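The lines below spell out each chain.
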Amino acid sequence: MKRYIVIRILSLLISLVLVSSVVFLFSSFSEGDSSAYILSESSSSENIESYRENAGLEDSTIKRYFAFLASFFSGDFDESISGYPIKDAIVQRLPVSLFLMFFSIIIALLIALPLSYISLRQTSLRSKAVAAFAVISASFPLFLIAMLSVLLFSVKLQLFPAAGLASGFSSFILPSLSLGVVYSSLFIRVLRRKLREILSSPAGFYALSAGMSMEEAAFVIGTRPAIPLLAAVIGESAVSILGGSAIIETVFALPGLGSLLVKAALERDAMLSGAAVAVIVIITGAISIISEIVIRVSDPKGRK
Amino acid sequence: MKKAALIILFTIFVFSLAFGGVGFTDLQIRLMPPSSEHPFGTDMLGRDILSRCALGTLISILIASSVTAISLAFGILLSFLYLHPSFHEGIILSVSDSLKSIPSIVLALFVSAIAGPGIAVLVISLSLSHISDISRTSYAESRRISKEGYVEAARAMNGSTRWIFLHHVLPNMKGYLYEQGISVFLSSIIAESSLSFLGCGVPQPLPSLGSILSDARPVMTEAWWMILFPALIILLLAASLQLLGSKPDTTAH
């Protein structure tokens, strides 16, 4: 377990170094340097030189690289191209994305758990309906389901706000519902397969022949062994939900990390984008460590 | 089911070849509902949605095919390397594990912030996002096959790694390559349209199903045809690819 956590943290560091190095490479090979932005065109060459010396631009590339890495890892990012401090923007936007992620996972579970337990009998109409729901909801690209839900719930029915954070909690309902519906299909597939597998094991046969209904048997003997698998799937989809929030936050105009990334890509702001990616990498690293711990604790095989 | 999925895919492909075009701007016919002249209607610049949808689909298919080809070639190359007894897979696997912690859309947005928009950039960033997945699964696959008795026998008879790879490993990877290929293709279609929707994908004025839908956002309430047709194409593509790729959902008897 300890060894696993150490390896995970190391690989997290590798990806942070990769991301920051790409940002550095990009900014050091692009034309010109910050002296061209900060000083006016009429500055004398002496002024420019002294500025460059003070800003460390005259140092060797290697030295600048390490200085850059040091400031990157201490969270001391520069200003973005549009001129606001990157660190503040990230600190403000992080809670929005995290809340969106947790809320969508809860909604996905609320959809997936009941649907998987009631649709276990293979030939039943219910099973086919749930399988069809899984295929259809997985076919929807996130932006499409988000647009359609705005059209239906905000424009036509006027139940929820279409954009922004102004109305507090209810402005999270449509965004999380869109994410939740799309990701529930993955949970349904995995959980159903596992529950059916358990039902066809000796324990399942025993429970069924003792007179339990399929749903009862799945609930009583299937739930416990399904937990490690569910933890793994939740961990993995939390990572990709964080990616999907880039789309959802843009459609619903939520000020989160995802919409910050889109903004950085549209403005071609490598530093801003790199900083946001670094924060996302740290979050996903933490998620995968937590889910691995849950898996090991809940699975007797991994409890050594 | 699979036959129906194949027919739908083929129809979409023929449709995209037959009607493709950027569409001419004609402000006099902006936002026209479907008619015999413009069966899918026109957008706010008066461009024909039918031809934009078709070209967008074609571009989407081309991008997804190139990403799939690159990813599969990478997987085949890796599984050949994994076969060498002296090859150390540790570095590749740990780099791929650390790439796994970056969601694919985030990676694509990052690459787009650095390299700017463009189709080539899109293909590269989408292929990059599959590398971690491919290097893991192709490792498992080549491990599974190289443990088979006939591979050991071939090794014992001093068969070269190349021979073993061509005669034993590659033919056995067919199923894996098929499934992996379909899933990469599907996720590339969805990722491309999502990125184009965000404005970081296929650069304008080239159409993409995603950017047609994002053009539709301001006029969503009146111009239903701008949503219905591109959305329908994406959904049909995605659903039929899913049906082609997944094994039927049966594990218990």
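To be clear, the structure that these remarks concern was listed above.
### As for the overall build of chain A
- Check the secondary structure of chain A and you find 12 helices and zero strands.
- Buried residues in chain A amount to 46% of all 304 residues.
- Sequence-distant contacts in chain A: of pairs separated by 6 or more residues, those separated by 24 or more amount to 74%.

### Some thoughts on the pattern of salt bridges
- Scanning all chains against the criterion turns up four salt bridges over all chains.
- Here Lys263 of chain A and Glu267 of chain A are joined by a salt bridge, their closest N and O atoms 3.3 Å apart. Of this pair, Lys263 of chain A and Glu267 of chain A both sit in helix 11 (residues 257–267), four residues apart, roughly one helical turn.
- Residue classification places Lys263 of chain A among the partly exposed residues on the basis of a relative accessible area of 26%.
- What makes Glu267 of chain A partly exposed here is its relative accessible area of 33%.
- A salt bridge links Glu141 of chain B to Arg144 of chain B; its shortest N-O distance comes to 2.9 Å. Here Arg144 of chain B and Glu141 of chain B lie together in helix 5 (residues 119–146), a separation of three residues that amounts to about one turn.
- For Glu141 of chain B, a relative accessible area of 11% corresponds to the buried category.

### Brief notes about the side chain of Ser184 of chain A
- Along the chain, Ser184 of chain A falls in helix 8 (residues 173–199).
- Non-local contacts of Ser184 of chain A, meaning those with residues more than four positions away in its chain, are made with Ala108, Ile111, Ala112 and Phe133 of chain A.

### Some remarks on the interface of chain A and chain B
- On the side of chain B, 40 residues touch chain A, which itself brings 48 residues to the contact.
- Together, the buried faces of chain A and chain B total about 4000 Å²; carbon and sulfur atoms form 73% of this surface.
- Sorting the residues of chain A by area buried against chain B places Ser139, Phe143 and Met147 of chain A first, and these three jointly supply 15% of that buried surface.
- In this assembly, chain A and chain B are joined by zero salt bridges.
- Taken together, the links from chain A to chain B amount to six residue pairs in polar contact (both at pLDDT 80 or more).
- Looking at the side of chain A that touches chain B, the elements with two or more residues in it are helix 1 (2–29), helix 6 (125–139), helix 7 (142–156), helix 8, helix 10 (214–251), helix 11 and helix 12 (270–298) of chain A.
- A total of eight residues in the side of chain A that touches chain B trace back to one element, the largest contributor, which is helix 1 of chain A.
- Classifying every residue of the side of chain A that touches chain B by side-chain character gives 29 nonpolar, 10 polar and nine charged.

### A short note on the packing of aromatic side chains
- Taken as a whole and assessed by the stated rule, the structure comprises 10 aromatic pairs over all chains.
- Arranged with centres 4.7 Å apart and planes meeting at 80°, the rings of Phe99 of chain A and Phe172 of chain A form a pair that is edge-to-face. With Phe99 of chain A in helix 5 (residues 86–118) and Phe172 of chain A in the loop between helix 7 and helix 8, the pair connects residues that are 73 residues apart, well separated along the chain.
- Given the relative accessible area of 9%, Phe172 of chain A is considered buried.
- For the ring pair Trp224 of chain B and Trp225 of chain B, a centre distance of 5.6 Å and an interplane angle of 85° mean the geometry is edge-to-face.
- The structure contains a cluster of three or more aromatic residues connected by ring pairs, namely Phe15, Phe40, Trp224, Trp225 and Phe229 of chain B.

What counts and what doesn't
- Residues numbered from 1 in each chain as written.
- Chains lettered and ligands numbered in written order.
- Predicted model: local features only at pLDDT ≥ 70, side-chain atom pairs only at ≥ 80, totals over all residues.
- Heavy atoms only, no water.
- Helix = DSSP H or I, 4+ residues; strand = E, 2+ residues; numbered from the N terminus.
- Buried < 20%, exposed > 50% of the residue type's maximum accessible area, 1.4 Å probe, protein only.
- Contact = heavy atoms within 4.5 Å.
- Salt bridge = Lys/Arg side-chain N within 4 Å of Asp/Glu carboxyl O.
- Buried area = accessible area lost by both parts, 1.4 Å probe.
- Polar contact = N/O pair within 3.5 Å; in protein donor to acceptor, adjacent residues only side chain to side chain.
- Nonpolar A, V, L, I, M, F, W, Y, C, P; charged D, E, K, R; others polar.
- Phe/Tyr/Trp six-rings, centres within 6.5 Å; stacked < 30°, edge-to-face > 60°.

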